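One-letter residues, chain by chain:
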Amino acid sequence: MTAQLLEVDGLGKRFGGFVALDGVDLSIAPGERVGLIGPNGSGKSTLVNCLCGTLANETGSVRFDGRDLSGLVAHQRTRLGMARSFQLPRPFPSMTVGDNLRIPLLYAVNARPGAAHLSVAETRERCAELLGLVGLAGRVHDYPRDLTQVDMRKLELARAMASDPKLLIADEAMAGLSHSEVSDIVALLVRLNERGITVILIEHIMRAVMSFSQRLVVLVSGKKIADGRPDEVIRDAEVERAYLGQ
Ligand SMILES: Nc1ncnc2c1ncn2[C@@H]1O[C@H](COP(=O)(O)OP(=O)(O)OP(=O)(O)O)[C@@H](O)[C@H]1O
Ligand SMILES: [Mg+2]
């Protein structure tokens, strides 16, 4: 068996008396494209928050790239190569698009142990490269308020990509977008995956999930109820019940 990039074992998280995650196990191999779906409130974002260190899980463990992440806070996990985009984009509104990328370049890439620091010119080059990659070439001096919703999503993905991740977790990067904009973001995520980045896509838009995912994981009420080939998972009786029962 090949070494897994991400190994989640028995992850549990409560909010007071409410069990948000209930013993979730999940393994992801390097280079995989995995879709994570589940009804509203099923614990998807909570899982992301626990993986990335924004929330502390009470039970279970997370191994990433061969390392136990217990006790590591969010920025340390980012430096190890775990990046996420937020369900609601979170750019720094008073900074230009370029500066929004320089922050993660400075704090994630330059601060990585043993990494060669990027010079000013290299940082500028890397910014331009990232903007080109996501389809925002030429927008470096614009402000987030100048961007359309789809371009804002692209900036959010570029910000995550700036930390040069091994794993990118995209939490609902397409909500509210038009049909063609959704296709645009799916194509972008596939391009990132083709560059060797493992991607977890959290999404309610099934067309996007089905075209993107090589594997589908389903969370319901904080429990993983299915994990396998997308065409098989969506025909699973328990998965159907979870969705139709809503
Ligand atoms: N910080 C918090 N404090 C208390 N309850 C929370 C907190 N964060 C999430 N929850 C609750 O935990 C449950 C899971 O929320 P979560 O955001 O993980 O769901 P989700 O699967 O991402 O849903 P959606 O598809 O709507 O984004 C919900 O019932 C939510 O209200
Ligand atoms: Mg969510």
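For the structure, see preceding data.
On a predicted model such as this, the values are computed, not experimentally measured, just so you know. (Residues numbered from 1 in each chain as written. Chains lettered and ligands numbered in written order. Predicted model: local features only at pLDDT ≥ 70, side-chain atom pairs only at ≥ 80, totals over all residues. Heavy atoms only, no water.)

**Student:** Please provide a residue-by-residue account of the coordination of the magnesium ion (ligand 2), values included.
**Tutor:** Distances from the magnesium ion (ligand 2) to its protein donors, S45 (OG) and Q87 (OE1), fall at 2.1 to 2.5 Å. Pair noted here: S45 is in helix α1 (residues 44-52) and Q87 is in the loop between β6 (82-85) and α3 (97-109), with a separation of 42 residues, a long-range link. Taking the relative accessible area as the measure of exposure, S45 reaches 22% and is therefore partly exposed. (Donors = N, O, S within 2.8 Å, 3.2 Å for Na, K, Ca; no water. Helix = DSSP H or I, 4+ residues; strand = E, 2+ residues; numbered from the N terminus. Buried < 20%, exposed > 50% of the residue type's maximum accessible area, 1.4 Å probe, protein only.)

**Student:** Any details on the packing of aromatic side chains? Residues and values, ideally.
**Tutor:** We describe a pair of aromatic rings using the distance from one ring centre to the other and the angle between the two ring planes. This structure, assessed with the given rule, holds zero aromatic pairs. One Lys or Arg, R90, reaches over the ring of F86 and ends 3.9 Å from the middle of that ring. (Phe/Tyr/Trp six-rings, centres within 6.5 Å; stacked < 30°, edge-to-face > 60°. Lys NZ or Arg CZ within 6 Å of the ring centre and 35° of its normal.)

**Student:** Kindly report on helix α5 (residues 149-161), identifying the contributing residues and their values.
**Tutor:** Here α5 contains 13 residues, and its C-alpha end-to-end distance of 18 Å stays within 8% of the 18 Å for a straight helix at 1.5 Å per residue. Residues of α5 that are buried include every one of V150, D151, R153, K154, L155, E156, L157, A158, R159, A160 and M161, and no others. In this fold, the buried residues of α5 make contact with β6, α3, α4 (120-134), β7 (167-171) and α6 (179-194). (Expected span 1.5 Å × (residues − 1). Contact = heavy atoms within 4.5 Å.)

**Student:** So what's going on with the sheet that holds strand β1 (residues 6-15)? Which residues, and what values?
**Tutor:** Sheet architecture is open: four strands sit in the order β2-β1-β4-β5, paired in antiparallel fashion. In this open sheet, the two strands that pair with only one neighbour each are β2 (18-28) and β5 (67-68). As judged from the two bridges shared by strand β4 (residues 59-64) and β5, these two strands associate in the antiparallel manner. When the bridges of β5 are listed, F64 appears paired with R67. Along the sheet, α1 contacts β1, β2 and β4; its crossing angle with β1, the most-contacted strand, is approximately 115°. (Pairing = 2+ DSSP bridges. Axes fitted to C-alpha atoms, helices over the stretch in contact; angles between N-to-C directions.)

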